[in-house]
Amino acid sequence: MRILAIETSCDETSAAVVENGQRLLSLVVNSQIDLHRAYGGVVPEVAARSHVEVIIPVIDQALVEAQCGWHQIEAIAVTKGPGLAGSLLIGTLAARTLAWAKQKPLIAVHHILGHVYANWITTASAQLAVSNLQLPKKSPEFPCLALIVSGGHSQLMYATNHNNWTVVGRTQDDAVGEAFDKAAKVLGLPYPGGPSIAKAASSGNPDQYQLPIPKTAGPYDFSFSGLKTAFLRSVQKECGVGHDFPSFELSKGLSEAQRSNFAASFQHIAIKYLVQQTKKAVKELQPQSLIIGGGVAANKGLRIALTDQLLIKIDYAPPLLCTDNAAMIGARAYQQALQKVFSDPDQLEIKPSWPL
Ligand code: KG4
Ligand code: ZN
């Protein structure tokens, strides 16, 4: 079964054709990073406008690259939420219109489940335009534990089959990607913060600044707001200024070496914490497979630390499938198609906040 999938929940306009939930025939991702960089973060109105401009060419390109006519597409999948309302609207309107015009079943996908199912993509067609996509050798097995770490979510999810995913640990406040983005802003590093921190950290000393490891009541929960504040205080202290000194002025007082050391110290503690919580969950829940997804899962240091410190073998999805993309939506949609979970194109509404 070939599914045309569409993802527009934040600042990437993406379309893909996925076969049987695991074979990638095409993937087009139009990133808006350059548009938002000047503002230091995603501007929702700018994001929505850009989705409007590129959604049709992105979908067309995905079909052309997949060498696939409409008669070969059996369903259309789209992210229904969570995400930015204006962004979600563009993707769902496109999907609803196409489902109606082309008379195809419509499948509405939860964005976080999409991140989980990026790990089910294990093969790609020879004509795939994206090169060097190092895919996992085989699909994850159940019971399965998933660490989902993105700009909006930090959670541990568990399932014994495709249809019973439950959240076993969630963030009590901010997401880890948000903390990476905030730390980068304080250091004056460019948006998006995650890759900037990772780059600066590579030449820094992770033990230079001592940051506290967060604590939560739930054994597998997360919390990042305290770490964000501790990081800001540590930079203010190093710069010799008080707590009321504006955070956007701080980076001017830092040398290149201090910036790298701060990036390395922050990344070190964030990774240590993610690994610590995941390790506890693996020990207790004894999954057959551990998978990771979401933008922060692209972080090399996190991958190395998980591989080194957990006994369970992890087959990582390539970074392109960890950050927002439509392939993951197509992979999840296939499981919903098997269960005949379809949506009415006349009725489908977005869900900007959508708990699992
Ligand atoms: O999954 P994603 O693309 O969008 C959301 O659903 O939020 O995740 C975006 C987040 C951003 O916070 C970005 O800074 C972070 O993922 N990120 C990274 C890396 N690449 C992206 N964080 C750490 N290391 C990276 N290499
Ligand atoms: Zn995402």
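Structure: see above.
In this text, all values refer to a predicted model and were calculated from it rather than measured experimentally.

Caption draft 1: Here's a closer look at the coordination of the zinc ion (ligand 2). Distances from the zinc ion (ligand 2) to its protein donors, His111 (NE2), His115 (NE2) and Asp324 (OD), fall within 2.0 to 2.1 Å. Within one chain, the residues serving as donors to the zinc ion (ligand 2) are arranged as H-x3-H-x208-D. Here His115 is found in helix 4 (residues 111-117), whereas its partner Asp324 is found in the loop between helix 10 (319-322) and helix 11 (327-338), with 209 residues between them in sequence. As far as the burial class goes, His115 and Asp324 line up, both buried.

Caption draft 2: Main features of the pairing of strand 5 (residues 106-110). In terms of residue burial, strand 5 counts as a mostly covered element, since five of its five residues are buried. Alternating positions in strand 5 separate into two faces, Leu106, Ala108 and His110 on one and Ile107 and Val109 on the other, with burial throughout. When strand 4 (residues 75-81) meets strand 5, the two strands line up parallel, connected through five bridges. Within strand 5, the position partnered with Thr79 by the bridge is Val109. Following the chain from strand 4 across helix 3 (residues 85-102) to the adjacent parallel strand 5, one finds a crossover that is right-handed.

Caption draft 3: Examining the site of ligand 1 more closely. Contacts to ligand 1 come from 18 residues, most closely from Gly151, Asp181, Gly194, Gly295 and Asn299. Between an oxygen atom of ligand 1 and a main-chain N or O atom of Gly295, the distance comes to 2.9 Å. Within the side chain of Asp324, an N or O atom sits 3.1 Å from an oxygen atom of ligand 1. Isolated, ligand 1 exposes 550 Å² of accessible area, and the fraction of that covered by the protein chains is 86%. For the shell around ligand 1, a count of residues per class yields four nonpolar, 12 polar and two charged.

Caption draft 4: Region of interest: helix 6 (residues 193-201). Of the positions making up helix 6, those classed as buried are Gly193, Gly194, Ser196, Ile197, Ala200 and Ala201. The buried residues of helix 6 occupy one face: seen down the axis, they fall within an arc of 165 degrees. Exposed residues pointing more than 90 degrees away from the buried face of helix 6 are listed as Pro195 and Lys199. Looking at the buried positions of helix 6, the neighbouring elements they touch are helix 5 (176-186) and helix 8 (256-285).

Caption draft 5: Spotlight on the layout of surface pockets. Approximately 1200 Å³ is the volume attributed to the largest pocket. Residue assignment for the lining of the largest pocket shows that the elements contributing at least two residues are helix 1 (33-37), helix 4, helix 5 and helix 6. Residue contributions to the lining of the largest pocket peak at seven residues, all from helix 5. Here the residues of the lining of the largest pocket sort into 17 nonpolar, 17 polar and 10 charged. By volume, the second largest pocket is sized at about 230 Å³. Considering the residues around the second largest pocket, the lining is formed by 13 residues, among which Lys138, Ser139, Ser289, Lys313 and Asp315 are closest to the centre. Looking at the lining of the second largest pocket, its residues break down into four nonpolar, four polar and five charged.

Caption draft 6: Highlighting the packing of aromatic side chains. Under the counting rule described, the total for this entry stands at 11 aromatic pairs. For the ring pair Tyr117 and Trp165, a centre distance of 6.2 Å and an interplane angle of 80 degrees mean the geometry is edge-to-face. With a gap of 48 residues between them, Tyr117 in helix 4 and Trp165 in the loop between strand 8 (154-159) and strand 9 (166-170) connect regions that are remote in the sequence. Across the pair, exposure class does not vary: Tyr117 and Trp165 are buried alike. When the ring of Tyr209 is compared with that of Phe262, the centres are 3.7 Å apart and the planes differ by 5 degrees; the resulting orientation is stacked.

Caption draft 7: Just the packing of helix 5 against helix 7 (residues 225-239), in detail. The N-to-C vectors of helix 5 and helix 7 enclose an angle of 15 degrees; their axes lie 10 Å apart at closest approach. One way to sum up the angle between helix 5 and helix 7 is to call them roughly parallel. As for the relative orientation of helix 5 and helix 7, their crossing is right-handed in sense. Between helix 5 and helix 7, the residues in contact are Glu178, Ala179, Lys182, Ala183 and Val186 and Lys228, Phe231, Leu232 and Val235, respectively. Looking at side-chain class alone, the contact of helix 5 with helix 7 contains six nonpolar, no polar and three charged residues.

Criteria and thresholds
- Residues numbered from 1 in each chain as written.
- Chains lettered and ligands numbered in written order.
- Predicted model: local features only at pLDDT ≥ 70, side-chain atom pairs only at ≥ 80, totals over all residues.
- Heavy atoms only, no water.
- Donors = N, O, S within 2.8 Å, 3.2 Å for Na, K, Ca; no water.
- Helix = DSSP H or I, 4+ residues; strand = E, 2+ residues; numbered from the N terminus.
- Buried < 20%, exposed > 50% of the residue type's maximum accessible area, 1.4 Å probe, protein only.
- Pairing = 2+ DSSP bridges.
- Right-handed = clockwise from strand over helix to strand, strands pointing away.
- Near = heavy atom within 4 Å.
- Polar contact = N/O pair within 3.5 Å; in protein donor to acceptor, adjacent residues only side chain to side chain.
- Areas by Shrake-Rupley, 256 points an atom, 1.4 Å probe, with all protein chains shown as cover.
- Nonpolar A, V, L, I, M, F, W, Y, C, P; charged D, E, K, R; others polar.
- Arc of directions from axis to C-beta.
- Contact = heavy atoms within 4.5 Å.
- 1 Å grid on protein atoms, 1.4 Å probe; cavity = no way out; pocket = protein on both sides within 12 Å on 5 of 7 lines; lining within 4 Å.
- Points joined across faces, edges and corners; volume = space filled by probe spheres on them.
- Phe/Tyr/Trp six-rings, centres within 6.5 Å; stacked < 30°, edge-to-face > 60°.
- Axes fitted to C-alpha atoms, helices over the stretch in contact; angles between N-to-C directions.
- Parallel < 35°, antiparallel > 145°, perpendicular 65-115°, else oblique.
- Left-handed = near helix turned anticlockwise from the far one by under 90°.

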